[in-house]
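Letter by letter, the chains look like this.
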Amino acid sequence: MIYTGLSRLYVAKYSYDKLLNKTSYTDGISLGEAMDYVINITTASTPLYTNNRKRGEIVSFSDGSVTHKAPDSNMEASAYISGITPKEITIAEGKTVRKYGRSVEIQPPYLGFGTVYQVYDADANKYRYQPIITPKIQYQLSSNNVTTQGETITFNVPDLPAKVMVDDETKEWLWEYDLYDTEEEADEVLRLILKVAPKTESGDTGAETV
């Protein structure tokens, strides 16, 4: 396929019921507008030998990573993907602030991640839209590099790296869906699966936005 664009950044809290062998998602939110998205996968191979020769091998998923940018980020959603609980603290009489403390004891939660690929359909000579879900990820610590503003503005949008894992129920690490004629149809698929609140009449979502 010919990929020509990207939209939507959705995440939702991942949970797995071992007794029912069932994955579910709750509290889905939007991370704002999409800018870029990279997924890298490492495979492992297990060779099979017979009669003193290599007969074949099995290639399987080993691990992977997702990296993307979220230019519309805010602290609330940063806390969501990091597993941070903000605290109101008093720094002077009558003055309180909200602190987002990053601790060595805090582990980022497991999340589902969804986005939409814009695909060029050469046969039909039009764009179509494909929902993509990475069913289980965990965001990792990321670096940042900020410089003072000079005569020109440099837009610095940090990368948000995440570890890709295998879904406990399906044993799958990526879910790809049919292509849709409109972006809204692809968007609806992600919202229904990841439990992201639907858009309101104004076009806003009921979900938090980074």
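Rules of the game
Every chain begins its residue count from 1, and numbering advances along the sequence as written. A pLDDT threshold of at least 70 governs which residues receive local features in this predicted model, and a stricter bar of 80 or more applies before side-chain atom pairs are shown or counted, although totals over entire chains, interfaces and linings include all residues. The basis for every side-chain value is the complete set of non-hydrogen atoms in the structure, without hydrogens or water. In this description a helix means any DSSP run of H or I spanning at least four residues, a strand means any run of E spanning at least two, and both kinds are numbered starting from the N terminus. Whether a residue is buried, partly exposed or exposed follows from its accessible area with a 1.4 Å probe, protein chains only, as a fraction of its type maximum: under 20%, in between, or over 50%, in that order. Only heavy atoms matter for contacts: two residues are in contact if any of them lie within 4.5 Å across the pair. Classification of ring pairs rests on two measures: the distance between centres of Phe, Tyr or Trp rings, Trp counted by its six-membered ring, which must be within 6.5 Å, and the angle between planes, read as stacked under 30 degrees, edge-to-face over 60 and tilted in between.

Draft legend 1. Quick look at the overall build of the chain. In terms of regular secondary structure, the chain is built from two helices and ten strands. Along the chain, helices and strands appear, N-terminal first, in the series β-β-β-β-α-β-β-β-β-β-β-α. Burial statistics for the chain: of 210 residues in total, 31% are counted as buried. At a minimum sequence separation of 6, the contacts of the chain that also span at least 24 residues come to 66%.

Draft legend 2. Looking closely at the packing of aromatic side chains. Overall, the coordinates contain seven aromatic pairs when judged by the stated rule. When the centroid spacing of 5.9 Å and the interplanar angle of 65° are considered together, the rings of Y14 and Y25 count as edge-to-face. In this pair, Y14 is assigned in strand 1 (residues 2-17) and Y25 in strand 2 (residues 22-30), connecting sequence segments eleven residues apart. One exposure class covers both Y14 and Y25, and it is buried. A ring pair is formed by Y37 and F113, whose centres lie 5.7 Å apart and whose planes are at 0°; its orientation type is stacked. Linking Y37 in strand 3 (residues 37-50) with F113 in strand 7 (residues 111-121), this pair joins segments that are 76 residues apart in sequence. Here Y37 matches F113 in class, with each residue buried.

Purely geometric stuff here, so don't read any function into it on its own.
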